[in-house]
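Chain residues, written in single-letter form:
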Amino acid sequence: AQNFLNSTFSSSATLKTRRKKFGESSAYFSVASAVTVNDPEGDNKKFDFQSDDFTMEGFFIFDYLTGTRNLMSLGNANNFVKLEYNPYLGINFRSNRNDVEVANVYHYTSTTDTESFYVNQKANTFFHAAVSRADSSLRLFVDGTTIRTQTTSNSLPSGNSLTIGSTGISGSENYFKGYMDELRVTIDSRYSSTFTVPTTQFATDDDTVVLLHFNGK
């Protein structure tokens with residue numbers, strides 16, 4: 001029922017046909033639900049971004065916005081890569097290496113703006129979020145609009161499985177609650193400027209590491 005590429009995964013999320021962006025269904029994450037994706041070739045080298053180009057993206061509906069909510073994550077408490085929702089910053093991509101911040105791009109800087117966008121306008125509506133790195137430019141996009149760009153040559157931590165809907169860190173899971181559809185991780189820079197949000201399911205290519213259509217019944 002799940003569709004994925006070059007990966008193995010386990011999931012406690014459920015497929016729902018009532019709400020979906022594309023295809024037959026989406027994945028619903030209730031409290032304490034998560035999807036774990038591992039590279040079958042070992043050592044999770046497919047997620048070894050370091051200072052190379054990459055893109056993480058997907059479509060999301062939030063059912064619960066209290067506190068920080070994780071969308072996709074790699075790593076542990078001291079070395080991590082996270083795409084998440086923060087009640088102060090909105091969509092936020094950040095990374096720590098040996099407990100030192102090496103990347104941080106975010107949507108807003110006030111809870112008023114965050115609540116207006118994510119709570120009032122996005123109720124029951126899928127929105128698209130993406131982070132994409134090209135050389136030393138790290139860009140965050142929401143619904144195709146370039147939100148913020150950070151210039152950094154820092155290397156991101158590596159060698160970890162991908163956790164969707166949770167940080168995968170015991171005691172600090174920050175579980176996502178809501179719907180996800182069409183998640184993709186690629187080892188290229190998919191977007192370098194404002195773009196039109198895809199209107200059909202993603203297609204795979206040689207740069208695709210993970211592609212989850214969440215199709216099924």
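Worth saying up front: this structure is predicted, and the values here are computed from it rather than measured. (Residues numbered from 1 in each chain as written. Predicted model: local features only at pLDDT ≥ 70, side-chain atom pairs only at ≥ 80, totals over all residues. Heavy atoms only, no water.)

On to the overall build of the protein, then. From N to C terminus, the protein includes 1 helix and 15 strands. Residues classed as buried in the protein amount to 51% of the 217 residues present. Partitioning the intrachain contacts of the protein with sequence separation of at least 6 by distance along the chain shows that 66% fall at a separation of at least 24. (Helix = DSSP H or I, 4+ residues; strand = E, 2+ residues; numbered from the N terminus. Buried < 20%, exposed > 50% of the residue type's maximum accessible area, 1.4 Å probe, protein only. Contact = heavy atoms within 4.5 Å.)

A separate point is the packing of aromatic side chains. Here the structure, examined in full by the defined rule, presents 14 aromatic pairs. Ring centres of F22 and F59 lie 5.5 Å apart, and the angle between their planes is 90°; on these two criteria the pair is classed as edge-to-face. With F22 in the loop between β2 (14-16) and β3 (26-29) and F59 in strand β5 (residues 54-62), the pair connects residues that are 37 residues apart, well separated along the chain. Comparing F22 with F59 shows no difference in burial state: the two are buried. (Phe/Tyr/Trp six-rings, centres within 6.5 Å; stacked < 30°, edge-to-face > 60°.)

What follows covers the nonpolar core. Judged by nonpolar contacts, the single largest core of 43 residues is most densely connected at M56, I91, F93, Y118, L162 and I164. Here this core gets 4 residues from one element, more than from any other, and that element is β5. Apart from residues lying up to four places away in sequence, M56 is in contact with F49, M72, V81, L83, F93, A129, A130, V131, L162, R184 and V185. (Core = buried A, V, L, I, M, F, W, Y, C linked by side-chain atoms within 4.5 Å.)

What follows concerns the pattern of salt bridges. Counted under the stated rule, the structure contains 4 salt bridges. In this structure, the salt-bridge partner of R94 is E84, at a minimum N-O distance of 2.7 Å. With R94 in strand β8 (residues 90-97) and E84 in strand β7 (residues 80-86), this pair connects stretches of sequence that are 10 residues apart. Residue E84 is classed as buried on the basis of its relative accessible area of 1%. R190 serves as the salt-bridge partner of D188, at 3.3 Å between the closest nitrogen and oxygen. D188 gets classed as buried once you look at its relative accessible area, which sits at 17%. (Salt bridge = Lys/Arg side-chain N within 4 Å of Asp/Glu carboxyl O.)

With that settled, the discussion passes to the pairing of strand β12 (residues 145-151). When a strand is regular, its side chains alternate between the sheet's two faces. Relative to β12, strand β11 (residues 137-142) runs antiparallel, the two being bridged by 6 bridges. Note that in β12 the partner of L140 across the bridge is R148. (Pairing = 2+ DSSP bridges.)

Looking now at the side chain of H213. Within the secondary structure, H213 sits in the segment after β15 (208-212). Judged by its relative accessible area of 12%, H213 is buried.

Turning our attention to the pairing of strand β6 (residues 69-75). Burial runs high along β6: 6 of the 7 residues are buried. Connecting the antiparallel pair β6 and β7 is a turn made up of 4 residues. One ladder, built from 3 bridges, connects β6 with strand β13 (residues 162-164); its direction is antiparallel. By the bridge assignment, L74 is partnered in β13 with L162.

As a further point, take the side chain of E182. Relative to the elements of secondary structure, E182 occurs in strand β14 (residues 178-186). As a buried residue without a salt bridge, E182 has its nearest oppositely charged side chain in R184, at a separation of 7.2 Å. Separated by 2.7 Å, the side chains of E182 and H213 make a polar contact. Among residues more than four places away in sequence, those in contact with E182 are F22, E57, G58, F59, Q201, F202, L211, L212, H213 and F214. (Lys, Arg positive; Asp, Glu negative; His and termini not counted. Polar contact = N/O pair within 3.5 Å; in protein donor to acceptor, adjacent residues only side chain to side chain.)

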